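Listed below, chain by chain, are the residues.
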Amino acid sequence: MLELSFIRENPDVVVERLSVKNFDAAALVQQIIALDAKRRETQKTLDDTLSQSNQIAKEIGKLYKIGKTDEANALKEKTALLKQQSKNCGDDLAQIEIDLQNLLVLLPNMPHSSVPKGKAAEDNEVVRQEGKIPDLSADAIPHWDLATKYKIVDFELGVKITGAGFPVYRGKGARLQRALINFFLTEGVKAGYEEIQPPLMVNEASGYGTGQLPDKEGQMYHATIDNLYLIPTAEVPVTNIYRDLIVKATDFPIKNVAYSNCFRREAGSYGKDVRGLNRLHQFDKVEIVQIQHPDKSYETLEQMVEHVAGLLRKLELPFRILRLCGGDMSFTSALTYDFEVFSAAQKKWLEVSSVSNFETFQANRMKLRFKDDDGKMKFAHTLNGSALALPRVVAALLENNQTPQGILIPDALKPFTGFDIID
RNA sequence: GGAGAGAUGGGUGAGUGGCUUAAACCAACAGUUUGCUAAACUGUCGUACUCGUAAGGGUACCGGGGGUUCGAAUCCCCCUCUCUCCGCCA
């Protein structure tokens, strides 16, 4: 959510910036400013009315004490009107605030000045590409067939137990999962992140805090009896640690790393893009989250990008980094870098990480603040990124490292798997 | 799931209708004193909205929501959560 005071003072900037996201905010911004003026006017009236009532109530108290009951009773009659007025005014104000809030949540976050214009994925800017794309023979096997061949991921079994998109990992497949999780967490801890093991279910308030609710409700599994949601990412419980908090400026940067299962309904998706491990209802991901001072958040974003790049380098996977264009960015982000690994048998780039700076957009919604050096209360900046999501990393590892003897494990991972080859 | 007790500022905790402008203590911050540290003393010490160039005002907030009253932290109703005991349970 954008800050109201900023919109009020810089309406043109908001409209101009949001045009990069192909969002025409002119009319909305105007409505918000008009409604805000009305809110303040109503607030003033209400405060004045209540102030009068308070004055009279005090006087009545004094009169009773010195025994002037008649005068007190006379004053009481005067308060009836004030009471009715403040009731009406309070109701109006409450409605205005709801309306205002409903308008404010319609505005996406403003993209950073470095965000390229563009409509869709093909307009994203390739920042850089690293690693050698393996030259596989024409009969290279896609990961879903490798998974069956080596009996490491059983998709049909998952269908039997649960349904499509819930694969069963077994043998060295299961051990590879555990190794990757451990590797990613270990690297995160080495980089100074505090490890968190969050709940996998969250309440409504947390869903609102990070913006999954109300608009993306259909993306989450909902346990209706207890009104809890299965998390789509550890970002939700971890970022909500800091909901309604006033942190100390000296605590910055706050760094958390968390592994979790992630659950996504992925309503309406189908086709070859979702084959095998490419898209699942349940998957594993290690997430990094940082809370940072506004002056330092972009420096932090670069560090997080470098952290993710380091992971992919150690896994010896070819990858590229994209700066998302305005049209492809999420509603909440100010700047997002996507990481894609090359999956050599599918001959496709697969997204494995998305690293974003949300600036104050989430903090405003969550009321995450800190006291700055000038003594003023300000919203902190929040950032997060996947480091990393497992399924597509596994897909690329299987495809890229396939040999006639079996699938080779990269050196950095061997201490975690305890084996060198899947055969 | 059953029975009972609770929820007050960063923390402990007083407060049963107007004397509360939420006491007191602790923590924190600033200053004074002092070789340093410590201690002592003095002062500051919530958040949001709003009026004002400012100084400084106003309003709301004692878990959340409603109600009674001229006036509510205090009385009433609903909800949420926590604790204790019982039941169930890895």
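A. Structural view of the domain arrangement of chain A. The assigned domain composition of chain A is domain 1 (4–104) and domain 2 (121–422). Taking only C-alpha atoms into account, the centre of domain 1 sits 44 Å from that of domain 2.

B. Geometry of the pairing of strand 16 (residues 381–389). Burial runs high along strand 16: nine of the nine residues are buried. For strand 10 (residues 282–292) and strand 16, the ladder comprises seven bridges, and the chain directions are antiparallel. Residue E287 lies in a different strand from strand 16, and its bridge partner there is S386.

C. Seen up close, helix 7 (residues 172–190). In this model helix 7 runs 26 Å from its N-terminal to its C-terminal C-alpha over 19 residues, within 8% of the 27 Å that 1.5 Å per residue would give. The complete set of buried residues in helix 7 reads G173, L176, Q177, A179, L180, I181, F183, F184, L185, E187 and G188. Of the residues flanking the end of helix 7, it is G192, one or two places downstream, whose phi is positive at about 95°.

D. Expanded view of the packing of helix 7 against helix 12 (residues 390–400). Running from N to C, helix 7 and helix 12 point in directions that differ by 115°, and their axes come no closer than 11 Å. In this structure, helix 7 crosses over helix 12, and the sense of that crossing is right-handed. Here helix 7 contributes L176, Q177, L180, I181 and F184 to the contact with helix 12, which in turn contributes L390, V393, V394 and L397. Classifying every residue of the contact of helix 7 with helix 12 gives eight nonpolar, one polar and no charged.

E. Region of the structure containing the side chain of R17. In this structure, R17 sits in helix 2 (residues 11–19). The exposure class assigned to R17 is buried, which follows from its relative accessible area of 16%. A distance of 3.4 Å separates the side chain of R17 from the side chain of E16, its partner in a polar contact. The residues touching R17, leaving out its near neighbours within four places in the chain, are M110, P111, H112 and S113.

Reading the values: the criteria
Residues numbered from 1 in each chain as written. Chains lettered and ligands numbered in written order. Predicted model: local features only at pLDDT ≥ 70, side-chain atom pairs only at ≥ 80, totals over all residues. Heavy atoms only, no water. Domains from an automatic or database assignment. Buried < 20%, exposed > 50% of the residue type's maximum accessible area, 1.4 Å probe, protein only. Helix = DSSP H or I, 4+ residues; strand = E, 2+ residues; numbered from the N terminus. Pairing = 2+ DSSP bridges. Expected span 1.5 Å × (residues − 1). Axes fitted to C-alpha atoms, helices over the stretch in contact; angles between N-to-C directions. Left-handed = near helix turned anticlockwise from the far one by under 90°. Contact = heavy atoms within 4.5 Å. Nonpolar A, V, L, I, M, F, W, Y, C, P; charged D, E, K, R; others polar. Polar contact = N/O pair within 3.5 Å; in protein donor to acceptor, adjacent residues only side chain to side chain.

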